[in-house]
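Below are the chains, spelled out letter by letter.
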Amino acid sequence: MRMIIPFLAFCLVATCNGELRTWTAVNGKEVEAEFVSNEKGIVKLKLKSGKVFEVPLNKLSKADQEFLTAKFSPKDPTRGEAPVSPHLNYEIKGDAITITGCDMGASGALTIPATIEGNPVTSIGESAFNGCISLTSITIGNSVTSIGEAAFAYCDILTSITIGNSVTSIGEGAFFNCSSLTSITIPAGVTSIGERAFWDCASLTAVTFLGDAPKAGEEVFKSATPTIYRKPDAKGWGDKWLDKPVKLISEKP
């Protein structure tokens, strides 16, 4: 039987077998175990007896958290690309990379590169940055095509995000409760925005679209009151979109 300790999932993902080492909890208790995996902030450890148990990442000592971050963060640039932030976690499927999370030490401005290990970063995974409350700005590389469900939810001091030109879809609740986000520009290629994508973004006053009106889910701007700005030749727009006023980009203050 596994021992499971409930925990709000944070954003570090990795899987690998490891050697026996001593792990220390925040309350000082120690256990000798082998690392099994760390998925969305839940660390699996295996005792000498073979029993596997789970513990939230934030219940481990700072030294253990730093050990996991160092162990699974890329250290060297590949094929001439920029070094990968030590706060990013990712998985490779085929020849494409999905950003799966960030560690709790991530703060300030963070850039998601276009390539990692020579492979294109094509997506921001579900809840990848959910609850990374110290991030102030995000820049997404131009190879990314999709932003997953709740990818940036509860990043409540995030004030700026630059979305790469290749993004075509923004998932449900992607920016849920990003209460400090004041404006955002949506690339021309975006064709769909999930429901509640900008729910409770109370400071959001301007959303600029560079293309035609995308398909949108319900309550995209619930509790937010932005003005929509669009290009004069874009299609599908009226005087209002999702009950929000629509103006030309030339009318932006």
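Residues numbered from 1 in each chain as written. Predicted model: local features only at pLDDT ≥ 70, side-chain atom pairs only at ≥ 80, totals over all residues. Heavy atoms only, no water.

Considering the overall build of the protein chain
What the protein chain contains, in helices and strands, is 1 helix and 21 strands. For the protein chain, buried positions account for 44% of its 253 residues. About 12300 Å² of surface is accessible on the protein chain, with carbon and sulfur atoms providing 50% of the total. (Helix = DSSP H or I, 4+ residues; strand = E, 2+ residues; numbered from the N terminus. Buried < 20%, exposed > 50% of the residue type's maximum accessible area, 1.4 Å probe, protein only. Areas by Shrake-Rupley, 256 points an atom, 1.4 Å probe, with all protein chains shown as cover.)

A closer look at the sheet that holds strand β17 (residues 206-209)
An order of β15-β17-β19-β21-β20 is seen for the 5 strands of this open sheet, with the pairing classed as mixed. Because the sheet does not close on itself, it has two edges, and the strands there are β15 (183-186) and β20 (240-241). For strand β19 (residues 227-230) and strand β21 (residues 244-248), the ladder comprises 3 bridges, and the chain directions are parallel. Across the sheet, residue tyrosine 229 finds its bridge partner in β21, namely lysine 247. (Pairing = 2+ DSSP bridges.)

What to know about the sheet that holds strand β11 (residues 135-140)
Read across the sheet, 3 strands follow the order β8-β11-β13 without closing on themselves; strand pairing throughout is parallel. Of all strands in the sheet, those with a lone pairing partner are β8 (108-112) and β13 (160-162), marking the two edges. Recorded for the sheet is a direction-independent mean angle of 15° between the axes of neighbouring strands. The pairing of β11 with β13 spans 3 bridges and is classified as parallel. Along β13, the bridge assignment pairs threonine 139 with threonine 162. (Axes fitted to C-alpha atoms, helices over the stretch in contact; angles between N-to-C directions.)

Focus: the pattern of salt bridges
A side chain of one charge can pair with a side chain of the opposite charge when the charged atoms of the two come close. Summed over the entire model, instances satisfying the criterion amount to 6 salt bridges. Here glutamate 32 ties to lysine 48 by a salt bridge, and the two come within 3.1 Å at their closest N and O atoms. Here lysine 48 lies in the loop between β4 (42-46) and β5 (52-56) and glutamate 32 lies in strand β3 (residues 30-39), a separation of 16 residues in the sequence. One salt-bridge network, in which partners are shared between bridges, spans Glu195, Arg196 and Glu219. (Salt bridge = Lys/Arg side-chain N within 4 Å of Asp/Glu carboxyl O.)

Looking at the packing of aromatic side chains
For the coordinates displayed, the defined rule picks out 11 aromatic pairs. Judged by centre distance (5.4 Å) and plane angle (55°), the ring pair of tyrosine 154 and phenylalanine 176 falls under tilted. With tyrosine 154 in the loop between β12 (146-147) and β13 and phenylalanine 176 in the loop between β14 (169-170) and β15, this pair connects stretches of sequence that are 22 residues apart. Its relative accessible area of 21% is what places phenylalanine 176 among the partly exposed residues. Arranged with centres 5.1 Å apart and planes meeting at 5°, the rings of phenylalanine 175 and phenylalanine 198 form a pair that is stacked. Of this pair, phenylalanine 175 sits in the loop between β14 and β15 while phenylalanine 198 sits in the loop between β16 (192-193) and β17, placing them 23 residues apart in sequence. Given a relative accessible area of 0%, phenylalanine 175 falls into the buried group. Using a relative accessible area of 0% as the deciding quantity, one classes phenylalanine 198 as buried. In textbook terms, an aromatic cluster arises when at least three aromatic residues are bridged by ring pairs, as seen for Phe129, Phe152, Phe175, Phe198, Phe209, Phe221, Trp237 and Trp241. (Phe/Tyr/Trp six-rings, centres within 6.5 Å; stacked < 30°, edge-to-face > 60°.)

Side note on unusual backbone geometry
Not every positive phi belongs to a glycine, and glutamate 117 is a case in point at roughly 55°. By the element assignment, glutamate 117 lies in the loop between β9 (115-116) and β10 (119-124). Even without a glycine there, the phi angle at aspartate 243 is positive, about 70°. Among the structural elements, aspartate 243 can be located in the loop between β20 and β21.

Considering the confidence of the model for the protein chain
Scored by pLDDT, the protein chain comes out at a mean of 83, with 85% of its residues at no less than 70. Below pLDDT 50 for its whole length, residues 1-18 participates in 60 contacts with residues either more than four positions away or in separate chains. Segment residues 73-83: pLDDT under 50, and 13 contacts once partners within four positions in sequence are set aside and those in other chains are kept. (pLDDT = per-residue confidence, 0-100. Contact = heavy atoms within 4.5 Å.)

Things to note about the pairing of β3
Pairing of strand β2 (residues 20-24) with β3, which is carried by 5 bridges, proceeds in the antiparallel orientation. Bridging across to β3, threonine 24 finds its partner in glutamate 30.

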